[in-house]
Amino acid sequence: MSISMYQASIPVFVRTFSNLAAILKKAAAYAEAKKIDPRVLLDARLAPDMLPLTRQVQIASDSAKGCGARLAAVDVPKFEDNEASFDDLQARIAKTIAFLNSLRPEQIDGSEDREVTIPTRDQPMKFKGQPFLLHFALPNFFFHVTTAYAILRHNGLDIGKMDYLGQP
C-alpha cells in the first residue's frame, strides 16, 4: 500500500508541532524555575547569524501551513509574526495545528503533480506537489523545528531525542 500525500504531510506536521509545544512548555517552566527572563530563551540563537528561537517557531509554522494550503489549493493563512512570549508561541502552534486539521485528505491526496509556486524576494520557486513536499517543505519544516530544539537544549533545557520525537 502506498502512502498518500495527506498522510505524508498533515499528520507529520501536527505531531511534530505537538511535540514542539510540549518542549516549549518545558522551556517556560525552566525559565520560571531558574529565574531566567523568558526573553533570554526566546531571543537565543545558536550562532550570531542565525535567527532566534521565536523566529524558528514562526518559520516552522509558515512552512507547515504554507505546505498544507498549497497542496490543498487553498489560500495560505497569514499570521502576523508578533509572538513575544512562550504563551504567544503556544497560541501560534495551536492556530497552525487548527488550520492543518481543517484540511481534509481529499483536498491533498492527488496533489503529487499539482503546480506549487512559492513567492520569494527574487523570483518565484515552482514545484510539482510531491517534490515540493518531500524535498522542500518537510526538510524546511524540520530544519526550523530542530533548530528551535537545539537552541533550547544548548541553553540548558533538559530535553532529549524522545521529547523531539514524542511518544508513539
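Residues numbered from 1 in each chain as written. Predicted model: local features only at pLDDT ≥ 70, side-chain atom pairs only at ≥ 80, totals over all residues. Heavy atoms only, no water.

J.: Explain the pairing of strand β2 (residues 125-128) here, please?
T.: Remember that side chains alternate between the two faces of the sheet whenever the strand is regular. Direction of pairing for strand β1 (residues 115-118) relative to β2: antiparallel, over a ladder of 4 bridges. By the bridge assignment, Thr-117 is partnered in β2 with Lys-126. Taking the residues that link successive antiparallel strands as the turn, the β1-β2 hairpin has 6 residues. (Pairing = 2+ DSSP bridges. Helix = DSSP H or I, 4+ residues; strand = E, 2+ residues; numbered from the N terminus.)

J.: Just checking my understanding: could you explain the packing of helix α3 (residues 53-72) against helix α4 (residues 86-102) for this structure?
T.: Two numbers describe a pair of packed helices, the interaxial angle and the distance between the axes. Direction vectors running N to C along α3 and α4 enclose 10°, while the axes themselves pass 10 Å from each other. One way to sum up the angle between α3 and α4 is to call them roughly parallel. Together, Leu-53, Thr-54, Val-57, Gln-58, Ser-61, Asp-62, Ala-64, Lys-65 and Ala-69 of α3 and Phe-86, Leu-89, Arg-92, Ile-93, Thr-96, Phe-99 and Leu-100 of α4 make up the contact between the two elements. (Axes fitted to C-alpha atoms, helices over the stretch in contact; angles between N-to-C directions. Parallel < 35°, antiparallel > 145°, perpendicular 65-115°, else oblique. Contact = heavy atoms within 4.5 Å.)

J.: Hey, could you run me through the nonpolar core in this one?
T.: Looking at soluble globular proteins, one finds that nonpolar side chains tend to be buried together. Residues Leu-24, Leu-53 and Leu-152 are the most contacted members of the largest nonpolar core, which totals 49 residues. Elements supplying a minimum of two residues to this core: α1 (5-33), α2 (38-42), α3, α4, β1 and α6 (129-154). When residues of this core are assigned to their parent elements, the largest contribution, 14 residues, is made by α1. Ignoring any residue separated from it by four or fewer positions in sequence, one finds Leu-53 in contact with Leu-24, Leu-41, Leu-42, Ala-44, Phe-86, Ala-148, Ile-151 and Leu-152. (Core = buried A, V, L, I, M, F, W, Y, C linked by side-chain atoms within 4.5 Å. Buried < 20%, exposed > 50% of the residue type's maximum accessible area, 1.4 Å probe, protein only.)

J.: Got a minute to help me understand the packing of α3 against α6 in this structure?
T.: One can describe the packing of α3 onto α6 by two numbers: an axis separation of 9 Å at closest approach and a directional angle of 160°. The orientation of α3 relative to α6 falls into the category roughly antiparallel. Considering how the two elements wind past one another, α3 and α6 form a crossing that is left-handed. Facing Leu-53, Gln-56, Val-57, Ile-59, Ala-60, Ser-63, Ala-64, Cys-67, Arg-70 and Leu-71 of α3, the residues of α6 in contact are Gly-129, Phe-132, Leu-133, Ala-137, Asn-140, Phe-141, His-144, Val-145, Thr-147, Ala-148, Ile-151 and Leu-152. Its residues assigned to classes, the contact of α3 with α6 shows 15 nonpolar, 6 polar and 1 charged. (Left-handed = near helix turned anticlockwise from the far one by under 90°. Nonpolar A, V, L, I, M, F, W, Y, C, P; charged D, E, K, R; others polar.)

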